[in-house]
Amino acid sequence: MAEVHIEDHSSPIKTPQQLVVVVLLSFIVPVAAILLLVKLITGGMHIDPDSSAMSEEAIAQRLKPVGEVGMVGDAESTPTSEAVIATTPTPAAQASVAAAPATAASGAGAGEQVFNTVCQACHATGVGGAPKTGDKAAWQPRIAQGIEVLYASAINGKNLMPAKGGAAGSSDADIKAAVDLMVAKSK
Ligand code: HEC
């Protein structure tokens with residue numbers, strides 16, 4: 001009688017089937033728990049490949065370098081033709097050239113083009129410590145050096161300022177015109 005009593009309380013598992021179920025559960029439950037944990041942790045990292053933030057443009061936009069320097073080297077093959085177009089004497093242009101005293105209309109035009117496409121790449125934003133166009137305080141001491149010094153710096157380069165702003169194909173006259181423009185905007 002006493003033996004039967006002990007057997008009653010020895011284990012909740014009474015049949016072989018129950019044993020099999022318990023053994024199986026003891027494998028499945030931890031594995032399921034781990035899977036759920038992994039899902040919980042990585043769930044927040046879900047990336048929707050269709051979202052607009054993952055488009056090629058958006059990614060390229062995020063990866064693109066902070067500054068872009070336009071090298072006018074290969075674009076230089078065309079300016080001659082552009083300059084020719086600019087200098088093609090229309091009656092109105094002829095009149096204005098005749099009216100303008102000493103300034104060469106084509107030089108100023110090419111200078112402005114260099115200024116807009118090359119120089120402003122750095123001087124509009126101040127990349128690498130470039131004095132910003134229009135920043136009078138930054139330009140005042142530079143202008144004080146004299147225009148010839150500025151021409152020389154722009155043509156030969158100075159510290160992070162590359163020779164001719166990197167537009168090696170530009171003529172000295174175009175660079176000087178660009179300096180004139182930059183200085184005029186910064187006085
Ligand atoms: C890659 C960037 C960059 C480009 C492009 C660039 N500059 Fe500069 N520029 C600079 C930096 C940086 C300085 C400051 C140099 C210093 O004093 O250390 C500077 C300074 C100057 C100065 C003042 C020089 C002096 O002696 O104080 C002039 C003038 C100038 N640039 C003209 C130009 C002109 C004209 C162009 C276009 C043909 C141009 N820059 C294109 C970066 C650039």
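Just above, that's the structure.
Residues numbered from 1 in each chain as written. Predicted model: local features only at pLDDT ≥ 70, side-chain atom pairs only at ≥ 80, totals over all residues. Heavy atoms only, no water.

Draft legend 1. The arrangement of unusual backbone geometry in detail. The phi angle at asparagine 159 is positive, at roughly 50°, despite the residue not being glycine. Relative to the helices and strands, asparagine 159 resides in the loop between α8 (147–156) and α9 (172–186). Positive phi is not limited to glycine here, since lysine 164 has a value of about 55°. (Helix = DSSP H or I, 4+ residues; strand = E, 2+ residues; numbered from the N terminus.)

Draft legend 2. Broad picture of the site of the ligand. For the ligand, the set of nearby residues contains 26 residues, the closest of which are Cys119, Cys122, His123, Ser153 and Met161. Between the ligand and arginine 142, the relevant distance is 2.8 Å, taken from an oxygen atom to a side-chain nitrogen or oxygen of the residue. Lysine 158 has a polar side-chain atom sitting 3.4 Å from an oxygen atom of the ligand. Secondary-structure elements contributing two or more residues to the shell around the ligand are α6 (105–123), α7 (136–143), α8 and α9. Broken down by element, the shell around the ligand gets its largest block of residues, 5 residues, from α6. (Near = heavy atom within 4 Å. Polar contact = N/O pair within 3.5 Å; in protein donor to acceptor, adjacent residues only side chain to side chain.)

Draft legend 3. How the structure looks around the coordination of the iron atom of the ligand. Distances from the iron atom of the ligand to its protein donors, His123 (NE2) and Met161 (SD), fall within 1.9 to 2.0 Å. Here the iron atom of the ligand is ringed by 6 donor atoms whose angles at the metal span 87 to 179°, and the overall shape comes out octahedral. Taken together, the residues span a long stretch of sequence, with histidine 123 in helix α6 and methionine 161 in the loop between α8 and α9 at a distance of 38 residues. (Donors = N, O, S within 2.8 Å, 3.2 Å for Na, K, Ca; no water. Tetrahedral: all angles 85-135°; square planar, octahedral: opposite > 155°, others 65-115°.)

Draft legend 4. Inspection of the nonpolar core at higher detail. Counting residues in each nonpolar core, the largest one holds 15 residues, and the members touching the most others are Val114, Cys119, Ile175 and Val179. At 5 residues, α9 tops the list of elements feeding residues into this core. The contacts of isoleucine 175, once residues within four sequence positions are left out, are Val114, Ala154, Ile155, Lys164 and Ser170. (Core = buried A, V, L, I, M, F, W, Y, C linked by side-chain atoms within 4.5 Å. Buried < 20%, exposed > 50% of the residue type's maximum accessible area, 1.4 Å probe, protein only. Contact = heavy atoms within 4.5 Å.)

Draft legend 5. Representation of a nonpolar patch on the surface. Nonpolar side chains collect at one region of the surface, where Ile13, Leu19, Val20, Val22, Val23, Leu24, Phe27 and Ile28 lie side by side and expose about 710 Å² of accessible area between them. Following the sequence through the fold, leucine 24 ends up in helix α2 (residues 16–43). (Patch = residues over 30% accessible without salt bridge, like charges linked within 9 Å, V, L, I, M, F, W, Y side chains within 5 Å. Areas by Shrake-Rupley, 256 points an atom, 1.4 Å probe, with all protein chains shown as cover. Salt bridge = Lys/Arg side-chain N within 4 Å of Asp/Glu carboxyl O.)

Draft legend 6. Representation of α9 in the model. Its 15 residues place the ends of α9 21 Å apart at the C-alpha level, agreeing with the 21 Å of an ideal helix rising 1.5 Å per residue. Three or more residues of α9 are buried, namely Asp174, Ile175, Ala177, Ala178, Val179, Met182, Val183 and Ser186. (Expected span 1.5 Å × (residues − 1).)

Draft legend 7. Representation of the side chain of serine 186 within the structure. The topology assignment puts serine 186 in helix α9. What makes serine 186 buried here is its relative accessible area of 2%. One polar contact links the side chain of serine 186 to the main-chain carbonyl oxygen of methionine 182, over a distance of 2.6 Å. Among residues more than four places away in sequence, those in contact with serine 186 are Lys132, Thr133, Gly134, Lys136, Trp139 and Ile143.

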